[in-house]
Structure formats: structure tokens, C-alpha cells
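Single-letter residue listing:
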Amino acid sequence: ELGKIGEGDELKPRAEAVGFLSIAETIALCRNERWDGGGYPNGWKGNEIPITGRIAAIANAFDTMTSKRPFHIPISVEKALTLIGEGSGSQFDPDVVKAFLDIKDEILILKNRYDEYNEQILELPELKALLLEFKKNFHVLNPGSPIVF
């Protein structure tokens, strides 16, 4: 529940909801920024990027690289960890990379816990139909795209 009805049926967000949405907004806006300033949408660099965005950038990259997606085949966890390490100081905040790699065992426990759940989601008939429609129309809308399904 993100809020509750107050006087005059006005939606009043609860404090926890506001905090959660603020963090979610920061992550959504900053996860594609790069430590060296070469990211988007703002081209922020270093500590201009909020810490939640810097953490989310690594988590998002790791998840994307190691998870089965309709648009790519995952790479090994070892390769993903290597690439994250190589991105330290350019793509990613070096301190956050170090912290991520220091707790990789805990991260792998979480990854393994949710991999099966994610596989089940990809098998939903409704999602399969939606992805099939997307794939049929993708190259019509994006001619010359190197993405292969």
C-alpha cells in the first residue's frame, strides 16, 4: 500500500512509500550513468552520481550479463565478475566494485535463489506471446539493428 485515503479522498503517501519511490526514481535515472562521465541521461561522473545509482549500475550490469533474457544468452558468472572488475574506475565506482566483489558469495546465493523464479516467469504463455509479437515487429521498427533473437 503506497498511501491511504485522507480527508476529502485525497491520496496521502505514507513516509515509507515516499522514501521508496525516491530511491526507485534515483535508480531509474542514474543506473546508466558511468563513473567516467560517459553515461546517460545526464553525463554525470564520479560522486555526482548518487550512491544508489552507482550500486544499481553494477547490480543491473551483473544481472543483465548473467540472466537469461529474450534478447541475449547469458555469460558465465566468472566472466561477468571479470568484466565488472575491468570496468572499475571507468564504468563503475571503484569503491562499489570492491564492495560488490567482496560480497560476491552472498550475491551468488541471491542469484541462485531467484534464477529458478525468473525462468518460470519467462515460461508464462502471456509473456511468450508478447515476446513473439515483439520479435516479429522489432526489425521492422529498427531496420539494420544488430540484435538477433
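Just so it is clear, the model here is predicted, and its values are computed rather than measured.

*Asks:* An account of the overall build of the chain is needed here, citing residue identities and associated values.
*Replies:* The helix and strand tally for the chain stands at 6 helices and 2 strands. For the chain, the N- to C-terminal ordering of α and β elements is β-β-α-α-α-α-α-α. When each of the 149 residues of the chain is scored for burial, the buried share is 23%. In the chain, the share of contacts with a sequence separation of at least 24, taken over all contacts with a separation of at least 6, comes to 35%. Carbon and sulfur atoms provide 60% of the accessible area of the chain, an area that totals close to 10,400 Å².

*Asks:* Describe in detail the packing of helix α2 (residues 51–66) against helix α4 (residues 94–102), supporting the description with residues and values.
*Replies:* Two quantities define a packed helix pair, namely the angle between the axes and the distance from one axis to the other. Running from N to C, α2 and α4 cross one another at 50°; their axes reach a closest spacing of 10 Å. On the basis of the axis angle, α2 is oblique to α4. Where α2 crosses over α4, the handedness of that crossing is right-handed. Here Ile-51, Arg-54, Ile-55, Ile-58 and Phe-62 of α2 come into contact with α4, specifically with Val-96, Val-97 and Phe-100. The residue makeup of the contact of α2 with α4, split by class, is 7 nonpolar, no polar and 1 charged.

*Asks:* How would you summarise the confidence of the model for the chain if you had to cite specific residues and measurements?
*Replies:* Summarising the model, the chain shows a mean pLDDT of 82, and 78% of its residues fall at 70 or more. Within the chain, the lowest mean pLDDT, 47, falls on strand β1 (residues 3–5), and the highest, 97, falls on α4. Predicted confidence is poor over residues 1–6, with pLDDT under 50, and the contacts of this stretch with residues over four places away or in other chains come to 15 contacts.

*Asks:* Explain α2 to me, and be specific about the residues and the numbers.
*Replies:* Here α2 spans 23 Å end to end across 16 residues, near enough to the 22 Å set by a 1.5 Å rise per residue. For α2, the complete set of buried residues consists of Gly-53, Arg-54, Ala-56, Ala-57, Ile-58, Ala-61, Phe-62, Met-65 and Thr-66.

*Asks:* Explain helix α3 (residues 77–86) residue by residue, including any values.
*Replies:* Along α3, the residues classified as buried are Val-77, Ala-80, Leu-81 and Ile-84. Buried residues of α3 fall within an arc of 100° about the axis and therefore sit on the same side. Opposite the buried face of α3, by more than 90 degrees, sit the exposed residues Glu-78 and Glu-86.

*Asks:* Could you give an account of the pattern of salt bridges, naming the residues involved and the relevant values?
*Replies:* All chains considered together, the criterion is met by 3 salt bridges. We note a salt bridge from Asp-36 to Arg-34, for which the minimum N-O separation is 3.0 Å. Among the residues examined, Asp-36 registers a relative accessible area of 35% and is labelled partly exposed. Taking the relative accessible area as the measure of exposure, Arg-34 reaches 25% and is therefore partly exposed.

About the criteria used
- Residues numbered from 1 in each chain as written.
- Predicted model: local features only at pLDDT ≥ 70, side-chain atom pairs only at ≥ 80, totals over all residues.
- Heavy atoms only, no water.
- Helix = DSSP H or I, 4+ residues; strand = E, 2+ residues; numbered from the N terminus.
- Buried < 20%, exposed > 50% of the residue type's maximum accessible area, 1.4 Å probe, protein only.
- Contact = heavy atoms within 4.5 Å.
- Areas by Shrake-Rupley, 256 points an atom, 1.4 Å probe, with all protein chains shown as cover.
- Axes fitted to C-alpha atoms, helices over the stretch in contact; angles between N-to-C directions.
- Parallel < 35°, antiparallel > 145°, perpendicular 65-115°, else oblique.
- Left-handed = near helix turned anticlockwise from the far one by under 90°.
- Nonpolar A, V, L, I, M, F, W, Y, C, P; charged D, E, K, R; others polar.
- pLDDT = per-residue confidence, 0-100.
- Expected span 1.5 Å × (residues − 1).
- Arc of directions from axis to C-beta.
- Salt bridge = Lys/Arg side-chain N within 4 Å of Asp/Glu carboxyl O.

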